[in-house]
Amino acid sequence: MSKFLNKKYENLEVYTPGEQPQDMQYIKLNTNESPYPPSPGVIKAINRPEIENLRLYPDPECNVIKEKLAKLYDVKKENVYLSNGSDDILNFAFIAFTSGETTAIFPEITYGFYQVFADLNSAPYKKIPLKEDFSINYKDYCNAEGMVVIANPNAPTGISLSIDEITEILETNRDNIVLIDEAYVDFGGESCIPLIKKYDNLLVVQTFSKSRSMAGARLGFAIANEDIIKDLERIKYSTNPYNINRLTMKAAEAAIDENDYYMQKCSEIVSTREKTAFELKTLGFTVLPSLSNFLFVKSNEIDGETFYKELKSRGILIRHFTTETIKDFNRVTIGTKEQMEVFIKEVKEILKERGK
């Protein structure tokens, strides 16, 4: 780092994204991307006239997308906020709703960016251990003294809380923001969005990166009480009002119009996930119950890092974590049926070579 860096950032522990190696062609099961392309309408929307219009600034209010999302989720346009990926929204939430006095509360094992955003914004935080089965004990978040942040389904475990459990968290935190990160909700979870009509402390965050095949377009959205949305807009207009580009907007508009296409692809991913989980269990793996587009798995025959390296040498990327509690686990994104068949084939070969 340079001598000019603000000293409060010198010890900032940054988020490490999933690797994107360029040395060879991999089956990428490491970053929870969709294995399917965007819908036909999205591809058609990125046309020559729209590319020529890149000379013009985009609509900072994202009115068309807001109207379409409001209709899709049965809320008002004023309940919808959009930004450059859900990570942007999460960061803005930490800016807006935490401070030197307001603590952020989230699981010890969860999406790694929560701690980064807390540190970046000088917010104190409390990390709560998971239960022995790696699920979240929702009671730990009732009557919290700060902003509650929960990924539901959780990452990297894939385990979900019920709506009733989240409702109790909301009921007991009327004076605190409860942020529910629903990046993976379309793969079997149940969304909390309907609860915003009753709870003015609920902030639901979703993304186009996973179930809508647009990780490279960078678009996230939040749905909440109108006043919370105004708070987020205040932060946006104090940083970069044009933070969503024109092509992403056009792609998103088309994607919402073709929502049935994406829900069908989610169903295919869920089906492949269940088949893969069954195969891994048959091979002696511990597989956590997932409602996401990935599986969190552990072999009793091979340690997590070795398993990750063996697969990488065979052209398959999965995500390995070095945190002590989960170092023997790996997160496996669900690809196409064909990709997962290759994955299982290579897993069998690895175990065979080790005499298992």
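Refer to the preceding data block for the structure.
The paragraphs below set out a description of the structure included in this document. (Residues numbered from 1 in each chain as written. Predicted model: local features only at pLDDT ≥ 70, side-chain atom pairs only at ≥ 80, totals over all residues. Heavy atoms only, no water.)

## Considerations on the packing of aromatic side chains
Any two aromatic rings considered together are summarised by their centre-to-centre distance and by the angle between their planes. Rules: Note on aromatic contacts: the rings of Phe and Tyr and the six-membered ring of Trp form a pair at centre separations within 6.5 Å, being stacked when their planes are under 30 degrees apart, edge-to-face when over 60 apart, and tilted otherwise. The helix count covers DSSP runs of H or I at least four residues long, the strand count covers runs of E at least two residues long, and both are numbered beginning at the N terminus. Only Lys NZ and Arg CZ are tested; either one counts as a charge over a ring when it is within 6 Å of the ring centre and within 35 degrees of the ring normal.
The full count for this structure, using the stated rule, is 15 aromatic pairs. When the centroid spacing of 5.4 Å and the interplanar angle of 50° are considered together, the rings of Phe285 and Phe307 count as tilted. Placement of the pair is Phe285 in strand S9 (residues 285-287) and Phe307 in helix H10 (residues 304-313), with a sequence separation of 22 residues. An aromatic cluster of three or more residues is present, and its members are Phe94, Phe106, Tyr111, Phe113, Tyr114, Phe117 and Tyr125. Over the ring of Phe208 we find Arg212; its NZ or CZ atom is 5.1 Å from the centre of that ring.

## Some words on the sheet that holds strand S3 (residues 103-107)
Condition: We call two strands paired when DSSP finds no fewer than two bridges between them. Helix axes are fitted only over the stretch in contact, all axes being lines through C-alpha atoms; the angle between N-to-C directions runs from 0 to 180 degrees.
On the basis of which strands lie adjacent, the open sheet formed by seven strands has the order S2-S8-S7-S6-S5-S3-S4 and mixed pairing. Every interior strand has two partners, whereas the edge strands, strand S2 (80-83) and strand S4 (125-128), have only one. Across the sheet, the axes of successive neighbouring strands diverge by a mean angle of 20°, strand direction being ignored. Bridge analysis of strand S7 (residues 202-207) against strand S8 (residues 220-224) gives five bridges, and the strand direction is antiparallel. The partner of Thr207 across the bridge, within S8, is Gly220.

## Notes on the packing of H10 against helix H11 (residues 337-353)
So the rule is basically this: For classification, angles of less than 35 degrees are called roughly parallel, those exceeding 145 degrees roughly antiparallel, those between 65 and 115 degrees roughly perpendicular, and all remaining angles oblique. Handedness of a crossing follows from how the near helix is turned relative to the far one, being left-handed for an anticlockwise turn of less than a right angle and right-handed for a clockwise one. Whether two residues are in contact is decided by their heavy atoms, any of which lying within 4.5 Å being enough. By the convention adopted, Pro, Cys, Tyr, Trp, Phe, Met, Ile, Leu, Val and Ala count as nonpolar, Lys, Arg, Asp and Glu as charged, and the other residues, Gly among them, as polar.
Direction vectors running N to C along H10 and H11 enclose 120°, while the axes themselves pass 10 Å from each other. Relative to H11, H10 is oriented oblique. Relative to H11, H10 is oriented so that their crossing is right-handed. On H11, the residues that touch Phe307, Glu310 and Leu311 of H10 are Phe343, Glu346, Val347 and Ile350. Among the residues forming the contact of H10 with H11, the class breakdown is five nonpolar, no polar and two charged.

## Some points on the pairing of S7
Counted only if it meets this: Classification of residues uses two cut-offs on accessible area relative to the type maximum, computed with a 1.4 Å probe and protein chains only: under 20% is buried, over 50% is exposed, and between them is partly exposed.
Across the six residues that make up S7, a large majority, six, are buried. Of the two faces of S7, the one lined by Leu202, Val204 and Gln206 and the one lined by Leu203, Val205 and Thr207 are each fully buried.

## A short note on the nonpolar core
Rule in force here: Definition used in this section: a nonpolar core is a set of buried Ala, Val, Leu, Ile, Met, Phe, Trp, Tyr and Cys residues joined via side-chain atoms within 4.5 Å.
By size, the foremost hydrophobic cluster in this structure holds 56 residues, and its most contacted members are Leu69, Leu82, Ile169, Leu202 and Phe208. Take this core: its biggest share by element is six residues, from helix H8 (residues 246-257). Leave out the neighbours within four places in its chain, and Leu82 touches Cys62, Ile65, Lys66, Leu69, Leu219, Gly220, Phe221, Lys236 and Ile244.

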